[in-house]
Structure formats: structure tokens, C-alpha cells
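# A structural walkthrough
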Amino acid sequence: HCQYFAEAFTDAATSYQALCDLCAESPEYQLLLAQCLQRSGAAEDTMKVLAALEEQDLVAQDDLLLGHLMKLRAAVNAETGDIRQARAYLQSALGGDDPEAVVSAAALAYREGLFDEALAGYSEALEAGNHQLAYNQALCSYKLKDYGRAMETVVDAIGRAHETHPELLAEQHTPDAALASIADPSYLAVLQESRLVECFNLKASIEYDSGDKAAAAKSLGEHMPTMLEEDKDAVTLHNEAIICDAGGGNLDGCKKLQYLMSDPQSSSYPPETFANILLLYLQNGYEDLAATLLAENTDLTYELLSEELFSFVDASLLAATSPDDALTQFDGLGKEIAKRIRKASKLVGDAENEGDDVALAAAHSQLDDAMRGYLPVLMAMAKIHWEKKDYEAVERVLRQSGDFCSDGKACATNLAHAYSMQGKHREAAICYEPLVQGAIAGGGEGAILDIPPVVLANLCV
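Residues numbered from 1 in each chain as written. Predicted model: local features only at pLDDT ≥ 70, side-chain atom pairs only at ≥ 80, totals over all residues. Heavy atoms only, no water.

### Quick look at the packing of helix 2 (residues 9-22) against helix 3 (residues 27-39)
Where helix 2 meets helix 3, the closest approach of the two axes is 8 Å, and the angle between their N-to-C directions is 160°. Judged on the interaxial angle alone, helix 3 and helix 2 are roughly antiparallel. Handedness of the helix 2/helix 3 crossing: left-handed. In this structure, helix 2 contributes F9, A12, A13, Y16, Q17, L19 and C20 to the contact, and helix 3 contributes Y29, Q30, L32, L33, C36, L37 and R39. (Axes fitted to C-alpha atoms, helices over the stretch in contact; angles between N-to-C directions. Helix = DSSP H or I, 4+ residues; strand = E, 2+ residues; numbered from the N terminus. Parallel < 35°, antiparallel > 145°, perpendicular 65-115°, else oblique. Left-handed = near helix turned anticlockwise from the far one by under 90°. Contact = heavy atoms within 4.5 Å.)

### Section: the packing of aromatic side chains
How two aromatic rings sit relative to each other is set out by the distance from centre to centre and by the angle between their planes. Evaluation of the coordinates by the stated rule reveals 5 aromatic pairs. Taking the centre distance of 5.2 Å and the plane angle of 70° together, the rings of Y4 and F9 count as edge-to-face. No difference in accessibility class separates Y4 from F9, as the two residues are buried. (Phe/Tyr/Trp six-rings, centres within 6.5 Å; stacked < 30°, edge-to-face > 60°. Buried < 20%, exposed > 50% of the residue type's maximum accessible area, 1.4 Å probe, protein only.)

### Some details on the nonpolar core
Proteins that are soluble and globular tend to have nonpolar side chains buried together. In this structure, L202 and F330 are the most contacted members of the largest nonpolar core, which totals 87 residues. In terms of residue count, the dominant contributor to this core is helix 23 (residues 357-387) (13 residues). Residues in contact with F330, not counting those within four places in the same chain, are F312, A315, S316, V377, A380, M381 and I384. In terms of nonpolar packing, the next biggest core, distinct from the first, is built from 26 residues, A13, L37, L65 and A86 among them. (Core = buried A, V, L, I, M, F, W, Y, C linked by side-chain atoms within 4.5 Å.)

### Some remarks on the environment of E229
Mapped onto the fold, E229 is located in the loop between helix 15 (213-220) and helix 16 (234-243). If near-sequence neighbours (up to four positions away) are discounted, E229 is found in contact with L237, E240 and K256.

### A short note on the packing of helix 18 (residues 273-283) against helix 19 (residues 287-296)
Where helix 18 meets helix 19, the axes come as close as 7 Å, and the angle between the chain directions of the two elements is 155°. Accordingly, the angle class assigned to the pair helix 18 and helix 19 is roughly antiparallel. In this structure, helix 18 meets helix 19 at a crossing whose hand is left-handed. Within the contact between the two elements, helix 18 uses F274, I277, L278, Y281 and L282 and helix 19 uses E287, L289, A290, L293 and L294. For the contact of helix 18 with helix 19, the class distribution of residues is 9 nonpolar, no polar and 1 charged. (Nonpolar A, V, L, I, M, F, W, Y, C, P; charged D, E, K, R; others polar.)

Below you can see the structure in the form of C-alpha cells.
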């Protein structure tokens, strides 16, 4: 029992096997053995124990034992990728009124990408008093791009966890107190039970996707419960690399992501890790490193990169040796994404006319995704023209694609730079002024220090 809750599942399985040998007539010990084997990843051994259990008359006559057996079968099938069979075990053995069945079915729906169905299941369990599932509910809302609802749910979950475990409040920890807390063997267990790490990771992701990178960095930094670096999970390390360590030619984020992929203890790294390493390399000007990573991981290229993302990476690498060919490839990719933007815009209009809120939310999600995908392509094309000193072409690309630009600030800044390089100072000032005024209005006079110096210099000219 202690080994199981200390997550030493292999040791617990050995102990339960000894109990099974001593008490062969006890199906409960055999069921606990199967549970430990399942948690340790021994799927084949788990199924052997369950098959032997199922043949026992005592188990067949006990609905409770049979229900637990079927849940374990469902868990093993889910882990091995047989989602359909896992669903069948849950539906046939447990029924819709079983609280554990509802949660298990929601988990399976989430794995299949059926986030609406998963959200309904987790919400039902949450209403029944299982507040530990607030994070799961928020995660489903996040996947559905309902950032407002996701943020509301996760903030409520964080507040509830802090009420239950006030010792985990990050601001209460001085450096010495923090080290003393971490040294306590029970600290990580309490932290895991609270789910605060998952909640702050999700909160940071919502803030980052909403454009508030400073708030996201705070959620991962000063607000996150104190942890030693070696105790941080794969998702936390991944998010720190993207949100806190990236940019400005800094390779720290890339190194952290590479560590996640190479460390045998981090086999559960987020699937976005590979794509994000490539994008960080490209954003920081390390095309040679991106090309090497791509060449050394062809299997991951087909498994983890979408066709659209691969085309973008391929064109970005091509730009170093053949900028004109890269422009052609970017132009084709941009036109394909523009078609998606127009299609999604039409869906938004249709949903608004019909008053269908569900369809409207789905259409906005498609539109946001398409527009976010268009911006990097647009900026890559402008960059190639800029490096060729063809500032008129930069202006033309940005002006023609302005309606498809999801980040108006980025487009306005680069368009102003193109105007400035052509001596069109009046047009440049018209683009620069709102950027400066907006920054000051949002953060006071001190915010002027956060404005890129080139913007202020060109505006003065």
C-alpha cells in the first residue's frame, strides 16, 4: 500500500505477488497486483492476471470486483491505443451512472480529441463534488479555444488549492524557507495532490496564447510553487523553454527542449516539443541547427509535423540558399492559408446570421488558427525582401496582406520600417505614433522604455 502511493509501482507489484502466493483465494490481492502492474506499464502481465481473475466464479458473481476488473482492462487498452475496446469495456461493465465510469469515459474522449464530450463528462463529475477535476475541465475548455471559460475555471481551481494548502503559496517562501519546504519528503506529494503545477502551466498557456507573455512568464515564475529543477515535470520544462527562455538569440530554450527529447526519463515530453525546437531555431537565426535536427529526426518529421508546418520550415531553410525559390514556396503556402481564412470568415458570418453560438465559437476558433498560421508566412516573405533591400516589395506584401494579419502591431511596425527605409517619413510616422501612444497609455510614461529603440528613433526622424 505504501509503495503504491509512493508511486513505486514495480516494488508494490512484487509485494502484492507475495501476498497472492500466500492468499491464493483472495481475488482482491490479485486485483491490486494487476493495478500495480498496469501503473508500472506492464500491459501484457496485467492482462494475464486479469484473464486469470475473470475465470474465477467469485469475481464473476461480484459486480464490484467485476467492475474494477473491467476498468483495469479499459485502462490497459487505452494505454496501448485501442480506444474503441476501452470504451466497450467501460460501457458494458460500468453503466452511465457510475461516477468513475463518467470520468474514465471523459478521459477516453479527451484522448480521441472529442473535447466537447470530455468537457461534458468532467463537468458532470465536478458538479457531483469531485473538485480535483477542475483542471481537466479547464483543459478541455482550453483545447476548445474557450480561453475565457478556461481561465475562469483554472483560477478558481488555483484559489481552492491555495485554501486547502496555504503552505504552497509561492509568495510566502523566502529562499531559506523554500529550501526547507522542498527538503520535506511530503512536499512533492502535497504539491502533486494540489495539481497547482498543472494549473499554473495551463494558466500560463492561456495567457501566452492570448498575447500576454509577461503574465505567462509570471505564472511560470513567481506564482508557481517552488520546485527544484530536477523535480520539474516535462510540461513545465517545455513551457519555461517557450515562454521564459526563448528569443533574442538565446539558445537556453532550445537546449531545454533538446534535453526533454534526449533524456530517457522524459519519454512523455509534449508532442509539440520537436516543432517548437525547430521554430525557436528559425526565430533566432540558427537555420543550420534546424536543418541538422530535421535531418537527424526524419521519423519525427512525419509523425509530429503537420504538412503546413513542414512546408513553412522547409521554405525557411531554403531561404538561406535560394531566396527566390523560398518566396515562391511561401507565396503558395500563404495562398492556401488565405483560403482557410476566407472559408472560416464565411462560417463566422453564417453562424452570426443564424444565431448559432456553438457554431460561432467553432468558426472563430478556425479563423484564429488560420490567421495565426498566416502571420509567420507573411513575415518570412517580408524578411526575404528586406534582406534583398527591396523595401518597396516589403511594403507591397504587408499592405496587400494586412487584412489577414492576426498581429496588427507586428504588421504596423514592419510596414513603418519599410516606409522609413524608402524615405516616406510621413507614412512611417502615421504607423509609429499609435504604437508609442498605445504603449504609454497601457503602462504609463515608464512604458516608453519598453518600446524598441528603432521605433522611437525613426519616429523622431
